[in-house]
Amino acid sequence: MRPGGKENFNISILWNAGAGPADAAVRPLCIGKEDDVNIVACVKQVPDTEAMIKVKPDGSGIDEAGIKWVMNPYDEFGVEEALKLKEKQGGDVTIVSLGPARAMETIRTALAMGADKGIHINDPALEGADAYVTASALAAAIKAIPHDIIFCGQRAIDDDSGQVGSVLAEMLGLPSVTIVTKADIEGGAIKVIKPIEGAQLLIESSLPCVVTAQKGLNEPRYASLPGIMKAKKKPVDVKDAAALGVSAEVKAKVAKFVPPPARPPGKIVCGDDPAAKAAELGRLLREEAKVI
Amino acid sequence: MAKGVWIVAEQRDGAYRKISFELASTARKLADQLGEEVCAVLLGSGIEGIAGELGKYGVDKVYVADDAALEPYTTDAHATAVAKIVKENDPSILLLGASVQGKDLSARLVGKLATGMATDCTDVKIDGGKLVAFRPMYAGKCFGEVTVASTPQMASLRPNVFSIVETAKAGEVVKFDAGLDASQIKTKVLEVQKDTSGKVDLTEANIIVSGGRGMKGPENYNIIEELADVLGATVGASRAAVDAGWRPQSDQVGQTGKIVSPNLYIACGISGAIQHLAGMSSSKYIVAINKDNEAPIFTKADYGVVDDLFKVVPEFTQVCKKLLA
Ligand SMILES: Cc1cc2nc3c(=O)[nH]c(=O)nc-3n(C[C@H](O)[C@H](O)[C@H](O)COP(=O)(O)OP(=O)(O)OC[C@H]3O[C@@H](n4cnc5c(N)ncnc54)[C@H](O)[C@@H]3O)c2cc1C
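Residues numbered from 1 in each chain as written. Chains lettered and ligands numbered in written order. Predicted model: local features only at pLDDT ≥ 70, side-chain atom pairs only at ≥ 80, totals over all residues. Heavy atoms only, no water.

Chemist: An account of empty space enclosed by the protein is needed here, citing residue identities and associated values.
Modeler: The full count for this structure, using the stated rule, is six cavities of 30 Å³ or more. Here the second largest cavity defines a volume of roughly 100 Å³. Every residue along the wall of the second largest cavity is listed here: Ser176(A), Val177(A), Thr178(A), Lys194(A), Leu201(A), Ile203(A), Tyr73(B), Thr74(B), Thr75(B), Asp104(B) and Thr187(B). Among the secondary structure elements, those contributing two or more residues to the lining of the second largest cavity are β9 (176–180) and β12 (199–206) of chain A. The greatest single-element share of the lining of the second largest cavity, amounting to three residues, is contributed by β9(A). (1 Å grid on protein atoms, 1.4 Å probe; cavity = no way out; pocket = protein on both sides within 12 Å on 5 of 7 lines; lining within 4 Å. Points joined across faces, edges and corners; volume = space filled by probe spheres on them. Helix = DSSP H or I, 4+ residues; strand = E, 2+ residues; numbered from the N terminus.)

Rendered as structure tokens:
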């Protein structure tokens with residue numbers, strides 16, 4: 001309905017429309033060339049958000065016993081966006097993940113959602129990789145395949161470091177648009193919405209580029225049963241650090257893991273009368289905490 | 001050898017963001033321990049006039065690039081300019097804010113400067129001449145002490161956590177050329193839509209009043225808003241309230257929302273799921289108002305009221321009105 005090219009961008013289309021599939025269907029996509037789009041989505045396997053995290057007694061890491069592993073929730077938004085783009089535009093989606101053997105489950109989950117193939121970077125030497133090493137490994141794998149657009153989660157909820165997408169973009173010599181809640185590709189460029197403190201920005205970037213996904217971008221689909229069956233037969237390449245030619249030497253190191261600082265035990269305001277409790281709460285905040 | 005503690009100051013529309021003063025004060029503390037200088041980088045257009053102000057917070061020297069291509073902020077332009085001046089001067093420590101802009105810029109700089117960074121730190125110190133950064137990981141379920149082997153040792157600081165301290169220093173302004181060439185800039189800000197509420201953003205708010213599923217519907221948030229108005233607070237929400245469509249996404253506090261550290265966080269009708277706690281447990285004081293005395297929010301609360309929020313909150317608003325009158 002909106003041909004690509006010179007027309008003025010109507011921001012309300014991005015801002016006012018829902019992210020749902022119905023809205024998406026009326027927006028034709030044109031990446032500026034005839035070929036299919038080569039889409040990459042990076043995923044990381046992380047502990048489930050509900051997981052209890054226990055630090056090992058020697059502070060060298062966390063105790064992984066009993067943890068349920070899932071796809072990083074922000075990466076799910078990235079995979080979903082990749083699949084939506086493929087469905088509208090044609091093309092294929094490659095999943096790239098760095099992680100130990102168990103990370104294969106997460107790659108299979110993305111394949112079951114509809115991605116086409118995977119690259120699993122698995123090397124014990126890369127355990128404890130920081131953002132720089134992780135991005136180097138991902139960059140080396142991605143350089144070797146065609147890539148028009150790369151989706152990452154805006155951060156992984158295990159180390160919460162939020163760097164990999166941007167460092168990856170730098171290493172690939174590509175622009176990056178980070179923490180985005182809407183994305184629309186048209187005429188060889190991408191337009192995204194990025195919330196900042198007290199405002200929203202509409203940003204345009206040339207392609208190829210790296211996009212990091214924030215909650216709100218879309219509603220990730222669940223893998224269907226046939227999807228899960230098909231995923232088992234989809235190709236996944238396994239590579240180690242040597243094959244990619246990357247150094248495992250980290251720049252930032254977690255020298256020690258510690259439990260969170262304890263909060264002093266709280267006070268419960270007692271009584272039967274809501275008004276009296278409200279008054280006592282006010283007094284405590286005023287006189288004891290001195291915050292109001 | 002690398003020397004000096006550097007910060008990247010953040011301004012918007014020609015005014016400093018509060019995080020800039022938090023960064024300057026923290027850098028001063030570190031630099032005093034090292035016996036080194038504090039330098040700031042300030043980028044933008046028409047901002048030279050405000051550069052010297054940083055001297056008040058302990059900055060010795062402010063490197064300013066005043067260039068139309070630096071306004072508004074784009075990742076490419078700012079990262080290129082900061083990387084250039086940093087490479088020329090080789091500081092040992094580089095601090096940025098973990099604000100939306102700071103997160104974007106700092107991560108890109110990690111790539112450009114081929115170094116390491118501790119993100120969203122809640123404490124930093126010097127140990128054996130090196131930076132040790134303390135930061136929440138796994139949504140605050142554990143913390144890591146991070147060291148960086150390369151230079152500059154980078155850290156981004158969580159907004160609203162570090163105190164602002166005035167220490168008069170020269171704040172000498174040194175102009176530099178950002179060295180930008182248009183072909184390097186591949187992103188462009190087409191439009192800015194400002195939030196017209198005039199409220200302080202959740203990440204910078206001193207006081208937050210948040211409502212969850214216990215609010216029962218969007219129409220009931222007026223009682224939260226009234227309390228927030230009296231306290232000069234910003235309104236937040238749990239994901240349950242956002243997913244129900246009662247509140248906008250920008251109000252969500254938690255692991256998949258905003259990470260906030262106000263002086264006072266008042267949770268009304270919020271159970272305190274681990275993903276919510278992840279976003280607010282670094283608040284200085286936490287108040288929970290919830291009718292279920294077993295709600296996990298009470299394990300983090302400094303002050304708890306077990307009762308119906310529809311009775312307590314309006315009463316509490318009246319109490320605050322009187323206290324603040
Ligand atoms: C991957 C993932 C990410 C997530 N990210 C986030 C996130 O960023 N932020 C977030 O908040 N959640 C997040 N969640 C959701 C989280 O698990 C909870 O579902 C959510 O926080 C619950 O919101 P709530 O406390 O408002 O609702 P509930 O858990 O339903 O709690 C409502 C509370 O209100 C109380 N209540 C009810 N009526 C009254 C009354 N009249 N007076 C007083 N109290 C009353 C109840 O006792 C109850 O404790 C995430 C979940 C997942 C799986």
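Chemist: I'd like a rundown of the confidence of the model for chain A, residues and numbers included.
Modeler: Across chain A, the average pLDDT comes to 89, with 88% of residues at or above 70. Confidence drops under pLDDT 50 across residues 1–34 of chain A; counting only partners more than four residues distant or on other chains, this segment forms 65 contacts. (pLDDT = per-residue confidence, 0-100. Contact = heavy atoms within 4.5 Å.)

Chemist: Just give me the short version of the nonpolar core, but keep the residues and values in it.
Modeler: General note: in soluble globular proteins, nonpolar side chains tend to be found buried as a group. Among the nonpolar cores identified, the biggest contains 54 residues, and Ile121(A), Ile142(A), Ile150(A), Leu168(A), Leu94(B) and Leu109(B) are the most heavily contacted of them. The element contributing the most residues to this core is helix α5 (residues 131–143) of chain A, with eight residues. Apart from the residues within four sequence positions on either side, Leu109(B) is in contact with Ala79(B), Val82(B), Ala83(B), Leu94(B), Leu96(B), Ala114(B) and Met154(B). (Core = buried A, V, L, I, M, F, W, Y, C linked by side-chain atoms within 4.5 Å. Buried < 20%, exposed > 50% of the residue type's maximum accessible area, 1.4 Å probe, protein only.)

Chemist: Pulling in residues and values, what's your account of the site of the ligand?
Modeler: Arg213(B), Ser238(B), Thr256(B), Ser271(B) and Gln275(B) are the nearest of the 27 residues found near the ligand. Those chains with residues close to the ligand are chains A and B. Between the ligand and Lys216(B) there is a distance of 3.1 Å, counted from a nitrogen atom to a side-chain nitrogen or oxygen. Contact distances for the ligand include 2.8 Å between an oxygen atom and a side-chain N or O atom of His276(B). Protein chains bury 81% of the 980 Å² of accessible surface belonging to the ligand in isolation. Breaking the shell around the ligand down by element, the ones donating at least two residues are α6 (239–243), α7 (274–280) and α9 (309–324) of chain B. Looking at the shell around the ligand residue by residue, the classes come out as six nonpolar, 14 polar and seven charged. (Near = heavy atom within 4 Å. Polar contact = N/O pair within 3.5 Å; in protein donor to acceptor, adjacent residues only side chain to side chain. Areas by Shrake-Rupley, 256 points an atom, 1.4 Å probe, with all protein chains shown as cover. Nonpolar A, V, L, I, M, F, W, Y, C, P; charged D, E, K, R; others polar.)

Chemist: So what's going on with the packing of aromatic side chains? Residues and values would help.
Modeler: On inspection of all chains with the given rule, the structure shows six aromatic pairs over all chains. Grouping aromatic residues by their ring pairs yields a cluster made of Tyr16(B), Phe21(B) and Tyr57(B). One cation-aromatic arrangement involves Arg102(A) over Trp69(A); the distance from NZ or CZ to the ring centre is 3.4 Å. Stacked on the ring of Tyr132(A), the Lys or Arg Lys251(A) has its end atom at 4.8 Å from the ring centre. (Phe/Tyr/Trp six-rings, centres within 6.5 Å; stacked < 30°, edge-to-face > 60°. Lys NZ or Arg CZ within 6 Å of the ring centre and 35° of its normal.)

Chemist: For the packing of α5(A) against helix α6 (residues 164–172) of chain A, give the residues involved together with the corresponding values.
Modeler: All names here are of chain A. Running from amino to carboxyl end, α5 crosses α6 at an angle of 50°, the nearest separation of the two axes being 8 Å. Taken together, the axes of α5 and α6 lie oblique to each other. Seen along the crossing, α5 lies across α6 with a hand that is right-handed. Where α5 abuts α6, its residues Ala131, Tyr132, Thr134, Ala135, Ser136, Leu138, Ala139, Ile142 and Lys143 lie against Val164, Val167, Leu168, Met171 and Leu172. (Axes fitted to C-alpha atoms, helices over the stretch in contact; angles between N-to-C directions. Parallel < 35°, antiparallel > 145°, perpendicular 65-115°, else oblique. Left-handed = near helix turned anticlockwise from the far one by under 90°.)

Chemist: Pulling in residues and values, what's your account of helix α4 (residues 103–113) of chain A?
Modeler: Within α4(A), burial applies to Ala103(A), Thr106(A), Ile107(A), Ala110(A), Leu111(A), Ala112(A) and Met113(A). Remark: Gly114(A) follows α4(A) within two positions and exhibits a positive phi of approximately 140°.

Chemist: With reference to specific residues and values, describe the pairing of strand β14 (residues 207–211) of chain B.
Modeler: All names here are of chain B. Within β14, five of the five residues are buried, leaving the element largely enclosed by the surrounding structure. Both faces of β14 are covered, namely the face carrying Ile207, Val209 and Gly211 and the face carrying Ile208 and Ser210. Inspection of the sheet shows β14 paired to strand β16 (residues 264–268) by five bridges, in the parallel sense. Bridged to Ser210 within β16 is Ala267. Bridge count for β14 against strand β15 (residues 234–237) is four bridges, and the pairing is parallel. If you follow Gly211 over to β15, its bridge partner there is Ala237. As a crossover connection, the stretch from β14 through helix α5 (residues 221–231) into β15 is right-handed. (Pairing = 2+ DSSP bridges. Right-handed = clockwise from strand over helix to strand, strands pointing away.)

Chemist: Tell me about α5(B), and name the residues and values.
Modeler: Residue and element names in this part refer to chain B. Buried within α5 are the following residues: Tyr221, Ile223, Ile224, Leu227, Ala228 and Leu231. Around the axis of α5, the buried residues are gathered within 155° of arc, so they sit on the same side. Each element contacted by the buried residues of α5 is listed here: β14, β15, α6, β16 and α9. Following α5 by one or two positions, Gly232 has its phi on the positive side, about 65°. (Arc of directions from axis to C-beta.)

Chemist: Explain unusual backbone geometry to me, and be specific about the residues and the numbers.
Modeler: Across residues other than glycine, the phi torsion is negative in most instances, and most of the peptide bonds are trans. For the peptide bond that leads from Leu207(A) to Pro208(A), omega is -5°, which places it in the cis range. A cis amide bond links Thr151(B) to the next residue, Pro152(B), at an omega of -5°. Structurally, Pro152(B) is set in the loop between β10 (142–148) and β11 (153–157). For Ile179(A), which is not glycine, the phi dihedral falls at a positive 50°. Note on placement: Ile179(A) falls in strand β9. On the basis of relative accessible area, Ile179(A) is assigned to the buried category, the value being 12%. Residues other than glycine seldom take positive phi values, yet Tyr138(B) does so here, at roughly 45°.

Chemist: Describe the sheet that holds strand β8 (residues 123–127) of chain B, naming the residues involved and giving the relevant values.
Modeler: Strand order in this open sheet of four strands is β15(A)-β10(B)-β9(B)-β8(B), and the pairing throughout is antiparallel. Both edges of this open sheet fall to β15 (252–258) of chain A together with β8 of chain B, since each of them pairs with a single strand only. Between one strand axis and the next, the sheet turns by 30° as a mean value, whatever way the strands run. Taken together, the six bridges between β15(A) and β10(B) define a ladder with antiparallel strand orientation. Paired with Phe257(A) across the bridge in β10(B) is Gly144(B). Where helix α1 (residues 18–34) of chain B meets the sheet, it contacts β8 and β9 (130–137) of chain B, and its direction lies at approximately 10° from that of β8(B).

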